[in-house]
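Coordinate analysis (summary)
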Amino acid sequence: WLMDGRNRLSIGLQDAGLSPLSKTLVGTGDFDGDGKGDILWRDEAGQASLWRMNGTTIVTTNEGIVGPQFSGDTNWVVVGTGDADGDNRADVYWRNESDGRLGLWLSSASGELAAPGDWTGGDLINWQVADVNDYDGDGLHDLLLRKEDGTNAIWKLDALTAESSTILGGPAKGAQWAVAGQPLASDVTTGDALPNRLIGDLGADTMRGFAGEDRLDGRGGTDTLLGGEGDDVLVVGDGSFTLVDGGSGTDTFQFGGTNLALDFAAIANNRTAGIEAIDMTGSGNNTVRLNAADVLDFSNTSNSMTIIGDAGDAAQLAGGGWSAGAVSGGFRTYTSGQATLLVDTDIVVTVI
């Protein structure tokens, strides 16, 4: 919608053929300095791309952005956009979710930010970027950092240089508080009736897909992933998730970590629901362990579970009573009582 104050001037509808359903909108801003807002996207592999806009018209579509770092590494996430160097063009601020490092793209350049010499906040892995804004009015955007214990700090930036840092005084604002529009310790992201691609961080994220075929990627931490209607993919980065519930449809629990091992025989059954498939394909050699009761509890509508994997992945079938059946379509059938597993033949299966 193009607006003049509260008045809607016009509506631009996007061509359905251009809609990047495999991408997530991660930022907006005037990236090319023409005075018009543009759209920054990122796909599931971490590659960034840019739509340069002229009002409601897409001037260039999915122009790949290739930098020496950040763009192909899913550990790096976009945390904000703003003018870091005073050239009246939006730059892109990044954070590495695995180690807390901060990074910056200066339009077409890139670089990594180091903490200023007077930084007293400790390890950056404990801090999140809560806001990108010009806090001192010098025309250059700065970073507001937050910890879950309520401590706040501002990094004053001059392009790639973190000039100074200030731990803010005043009463602590803990997990129940958030910078408006930027929740921290218990992030809540909500989809809609369309296919959604929602991405969390290493904290406690709550994601609701509702209708549509959604992909909810918690990236690790004590996440709650709720697929809702449709055939959803719910991605878990480690075993500390609170709840993964696919809802209705045919839903997939996907391993998002590297060399991840999940023992569902030891994980409480009330932490998973509405799941019809487990997908271990991806990075490293992953392992799943489960028993017949787990298969029966995973789905509300089926006593059957499909396990997908690559060479090097493993499935351990616990509890006894498992019988191997025939191979069909690249999957071998295993049964135990009313429970049925269809296991990818690339996976090494051990009955224990």
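Procedures and definitions
Residues numbered from 1 in each chain as written. Predicted model: local features only at pLDDT ≥ 70, side-chain atom pairs only at ≥ 80, totals over all residues. Heavy atoms only, no water. Helix = DSSP H or I, 4+ residues; strand = E, 2+ residues; numbered from the N terminus. Buried < 20%, exposed > 50% of the residue type's maximum accessible area, 1.4 Å probe, protein only. Contact = heavy atoms within 4.5 Å. Areas by Shrake-Rupley, 256 points an atom, 1.4 Å probe, with all protein chains shown as cover. Pairing = 2+ DSSP bridges. Axes fitted to C-alpha atoms, helices over the stretch in contact; angles between N-to-C directions. Core = buried A, V, L, I, M, F, W, Y, C linked by side-chain atoms within 4.5 Å. Phe/Tyr/Trp six-rings, centres within 6.5 Å; stacked < 30°, edge-to-face > 60°. Salt bridge = Lys/Arg side-chain N within 4 Å of Asp/Glu carboxyl O. pLDDT = per-residue confidence, 0-100.

Description of the overall build of the protein chain
Helix and strand counts for the protein chain come out as 1 helix and 32 strands. Within the protein chain, the proportion of its 352 residues that are buried is 43%. By sequence separation, contacts in the protein chain at least 24 residues apart represent 43% of the contacts at least 6 residues apart. With an accessible surface of roughly 16,100 Å², the protein chain has 49% of that area assigned to carbon and sulfur atoms.

What about the sheet that holds strand β28 (residues 314-317)?
Read across the open sheet, the 4 strands follow the order β23-β26-β28-β32; overall the sheet is parallel. At either end of the open sheet lies a strand with only one pairing partner, and these are β23 (261-263) and β32 (348-351). Strand-to-strand twist across the sheet, computed as the mean angle between neighbouring axes with direction ignored, equals 10°.

A word on unusual backbone geometry
The backbone of Arg219 shows a phi angle near 65°, a positive value even though the residue is not glycine. Looking at where Arg219 falls in the secondary structure, it is placed in the loop between β18 (215-217) and β19 (224-226). One non-glycine residue, Asn259, adopts positive backbone phi at about 55°. Following the sequence through the fold, Asn259 ends up in the loop between β22 (252-255) and β23.

Some thoughts on the environment of Ile267
With respect to the helices, strands and loops of the structure, Ile267 is situated in the loop between β23 and β24 (272-273). When its relative accessible area of 12% is taken as the criterion, Ile267 is described as buried. Note: C-alpha distance between Ile267 and Ser240 (27 residues apart in sequence) is 9.8 Å.

A closer look at the sheet that holds strand β12 (residues 142-146)
The strand order across the open sheet built from 4 strands is β11-β12-β13-β14, with neighbouring strands paired in antiparallel fashion. Unpaired on one side and paired on the other, β11 (128-133) and β14 (161-167) mark the two borders of the sheet. Recorded for the sheet is a direction-independent mean angle of 25° between the axes of neighbouring strands.

Quick notes on the nonpolar core
It is characteristic of soluble globular proteins that their nonpolar side chains tend to be buried jointly. Ranked by internal contacts, the top residues of the largest apolar core, which has 32 residues, are Phe253, Phe264, Ile278, Val288, Leu290, Ile307 and Leu341. Elements represented by at least two residues in this core include exactly β20 (233-236), β22, β26 (287-290), α1 (292-298), β27 (304-308), β28 and β31 (339-344). The contacts of Phe264, once residues within four sequence positions are left out, are Phe241, Phe253, Thr272, Ile278, Val288, Arg289, Leu290, Asp294 and Phe298. Val79, Leu106, Leu157 and Ala162 belong to the second largest nonpolar core, which has 19 residues in total.

Describing the environment of Leu140
Note on placement: Leu140 falls in the loop between β11 and β12. Expressed as a C-alpha distance, the spacing of Leu140 and Asp83, which sit 57 residues apart in the sequence, is 5.8 Å. If we skip the residues at most four places from it in the chain, Leu140 touches Asp83, Ala84, Asp85, Gly86, Asn133, Asp134, Leu157 and Asp158.

Some words on the packing of aromatic side chains
By the definition in use, this model includes 6 aromatic pairs. Ring plane angle 70° and centroid distance 5.6 Å describe the contact between Phe241 and Phe253, whose orientation is recorded as edge-to-face. Pair noted here: Phe241 is in the loop between β20 and β21 (243-245) and Phe253 is in strand β22, with a separation of 12 residues, a long-range link. Summarising the aromatic geometry, the rings of Phe253 and Phe264 are spaced 5.3 Å apart at their centres and angled 85° between planes, so their arrangement reads as edge-to-face.

Quick look at the pattern of salt bridges
Applying the stated rule across the entire model yields 7 salt bridges. Between Lys156 and Asp136 there is a salt bridge, with the nearest N and O atoms lying 2.6 Å from each other. With Lys156 in strand β13 (residues 152-158) and Asp136 in the loop between β11 and β12, this pair connects stretches of sequence that are 20 residues apart. The partner of Glu163 in a salt bridge is Lys156, and the shortest N-O contact between them spans 3.9 Å. Under the relative-accessibility criterion, Glu163 is labelled partly exposed at 41%. When its relative accessible area of 23% is taken as the criterion, Lys156 is described as partly exposed. Each of Asp136, Asp138, Lys156 and Glu163 takes part in one network of salt bridges that share partners.

Comments concerning the environment of Asp263
One can find Asp263 in strand β23. A sequence separation of 24 residues divides Asp263 from Thr287, and the C-alpha atoms of the two residues are 8.2 Å apart.

Considering the confidence of the model for the protein chain
Model confidence for the protein chain is summarised by a mean pLDDT of 82, while 81% of its residues fall at 70 or above. Note on residues 181-186: pLDDT under 50 across the span, and 13 contacts to partners over four residues away in sequence or across chains.

Brief notes about the pairing of β26
Only one face of β26 is covered, namely the face carrying Val288 and Leu290; the face carrying Thr287 and Arg289 is uncovered. Across 3 bridges, the pairing between β23 and β26 is parallel. Residue pairing in the sheet places Leu262 in a bridge with Val288 of β26. Here 4 bridges tie β26 to β28, and the two strands are oriented parallel to one another.

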